[in-house]
Amino acid sequence: MLKDFFSKKKKYASIPREEAKQDIPEGLMQKCPDCHKIFYRKELKKNLNVCPNCEYHHQMTAYERIDSLFDEGTFEEWDQEIISENPLGFPEYLEKLEKDRKKTGLNEAVVTGKATMEGMETAFAVMDSRFRMGSMGSAVGEKIARAVERARELHIPFIIFTASGGARMQEGVLSLMQMSKTSIAIQRFNEAGGLMISVMTHPTTGGVSASFASIGDYNFAEPGALIGFAGRRIIEQTIREELPEDFQTAEFLLKHGQLDQVIPRHDMKDVLSTLLDLHAEGSKPS
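Everything numeric in this text was worked out from a predicted model, so none of it was measured.

Now for the overall build of the protein chain. When helices and strands are counted, the protein chain shows eleven helices and ten strands. Residues classed as buried in the protein chain amount to 43% of the 286 residues present. A sequence separation of at least 24 residues applies to 66% of the contacts in the protein chain between residues at least 6 apart. Surface accessibility of the protein chain: about 16,300 Å² in total, with carbon and sulfur atoms responsible for 53%.

This is the structure in structure tokens:
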């Protein structure tokens, strides 16, 4: 028996050949940053980019979100030709914009247009953080302001999904001016009796959170979304206090009255379409 035991051959781990590794398509799998489980990207996409294990909300592209919410074949895109220039002559800015256009298939960090949701027409803007981190430059502000103005003219509601790192540094004060431009457009829309719904997704920070993202008739957010103005470390250094662990999360803001509701992605369409139906008459100017 001892002889048999010692005569057993050692087992070694087999290392795949480089050719075998190349057989696995790149980007086939995705690891959840919350529970660390690995899933097929197709599986995640089918589940609206929500982790099947822990329900962590992965980011969605602008067009993925549009496809998940609006009736098929009703999407009409607006102002696709509006793109950022380089008014301040910032070094390599135009090259970075072009690189993002090729990477994302977008001309800018926001997609605007109109479509129907459960048969009800609405205008909308959907930000995409893959393009310059969703930062708000002149083109982003112009597209959102125009979409709000057109919603006012058409007497239809306006829904915005925000995802942004804040103002775009390469455009300086021109970027900051978009805060007032978009806010004024929304005020005019509100005075005309328009309905605006804001949905903050991960992340919504800086000048975007301090302007149009926070002034809807309804202010919602997705679970776990980072929402705030200044960064956590800057605030802690300024007030010389340690902040709560969940500070600047959607759940923290809901607890302190800064949000109306935190809505899981699978419930988003039902909630939004219910509100559109409730305000079908109220969203029109009297």
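Let us keep going from here.
A word on the packing of aromatic side chains. If you walk through the whole model with that rule in mind, you get five aromatic pairs. Ring geometry for Phe-70 versus Phe-124: centroids 4.4 Å apart, planes at 20 degrees, classification stacked. Of this pair, Phe-70 sits in the loop between helix H4 (62-69) and strand E3 (76-78) while Phe-124 sits in strand E5 (residues 120-127), placing them 54 residues apart in sequence. With a relative accessible area of 6%, Phe-70 lands in the buried category. Here the aromatic residues Tyr-63, Phe-70, Phe-75 and Phe-124 are joined through ring pairs into a cluster of three or more.

Looking now at the pattern of salt bridges. Overall, the coordinates contain 16 salt bridges when judged by the stated rule. Across the salt bridge formed by Lys-103 and Asp-100, the nearest N and O atoms sit 3.7 Å from each other. Here Lys-103 pairs with Asp-100, and both are found in helix H5 (residues 93-104), just three residues apart, close to one helical turn. Among the residues examined, Lys-103 registers a relative accessible area of 56% and is labelled exposed. We classify Asp-100 as buried; its relative accessible area is 4%. A salt bridge links Arg-232 to Glu-236; the shortest N-O distance between them is 3.7 Å. You can see Arg-232 and its partner Glu-236 sitting in helix H9 (residues 232-239), four residues apart, about one turn around the helix. Take Arg-232: its relative accessible area is 27%, and that puts it in the partly exposed class. Overlapping salt bridges, with partners in common, bring together Asp-79, Glu-142, Arg-146, Arg-150 and Lys-181 in one network.

Further remarks concern the confidence of the model for the protein chain. For the protein chain, per-residue confidence averages 90 on the pLDDT scale, and residues scoring 70 or more make up 89% of the total. Of the regions scoring below 50 in pLDDT, residues 282-286 engages in ten contacts with residues more than four places distant in sequence or in other chains.

Within a regular strand, side chains alternate between the sheet's two faces. Buried residues dominate strand E7 (residues 196-205), accounting for nine of its ten residues. Pairing between strand E6 (residues 158-164) and E7: six bridges, direction parallel. Note on E7: the bridge partner recorded for Ser-164 is Thr-204. With respect to chirality, the unit in which E6 leads through helix H7 (residues 172-191) into the neighbouring parallel E7 is right-handed. Here E7 runs beside strand E8 (residues 218-221); their pairing, made up of four bridges, is parallel. Bridged to Ser-198 within E8 is Asn-219. When E7 meets strand E9 (residues 227-228), the two strands line up parallel, connected through two bridges.

Quick notes on the rules
- Going along each chain's sequence as written, the residues are numbered from 1 onward.
- Two thresholds apply to this predicted model, a pLDDT of at least 70 for residue-level local features and 80 or more for giving and counting side-chain atom pairs, whereas whole-chain, interface and lining totals are computed over all residues.
- Note that water and hydrogens are dropped before the side-chain values are worked out from all heavy atoms of the structure.
- Strands are runs of DSSP state E lasting at least 2 residues, helices are runs of H or I lasting at least 4, and numbering of each runs from the N terminus.
- Accessible area is worked out with a 1.4 Å probe on protein chains only. A residue is then buried under 20% of its type maximum, exposed over 50%, and partly exposed in between.
- Any pair of residues with heavy atoms lying within 4.5 Å of one another is described as a contacting pair.
- Residue-level accessible areas treat just the shown protein chains as cover; the underlying method is Shrake-Rupley with a 1.4 Å probe.
- Put simply, two rings from Phe, Tyr or Trp (the six-membered ring, in Trp's case) pair if the centres are within 6.5 Å, and we call them stacked under 30 degrees between planes, edge-to-face over 60, tilted for the rest.
- For this analysis, a salt bridge means a side-chain nitrogen from Lys or Arg found within 4 Å of a carboxyl oxygen belonging to Asp or Glu.
- The pLDDT score gives, residue by residue, the confidence of the prediction method on a 0 to 100 scale.
- Any two strands are treated as partners once DSSP identifies two or more bridges connecting them.
- For a crossover, the right-handed case is the one in which the path from the first strand over the helix to the second runs clockwise, viewed with the strands pointing away from the viewer.

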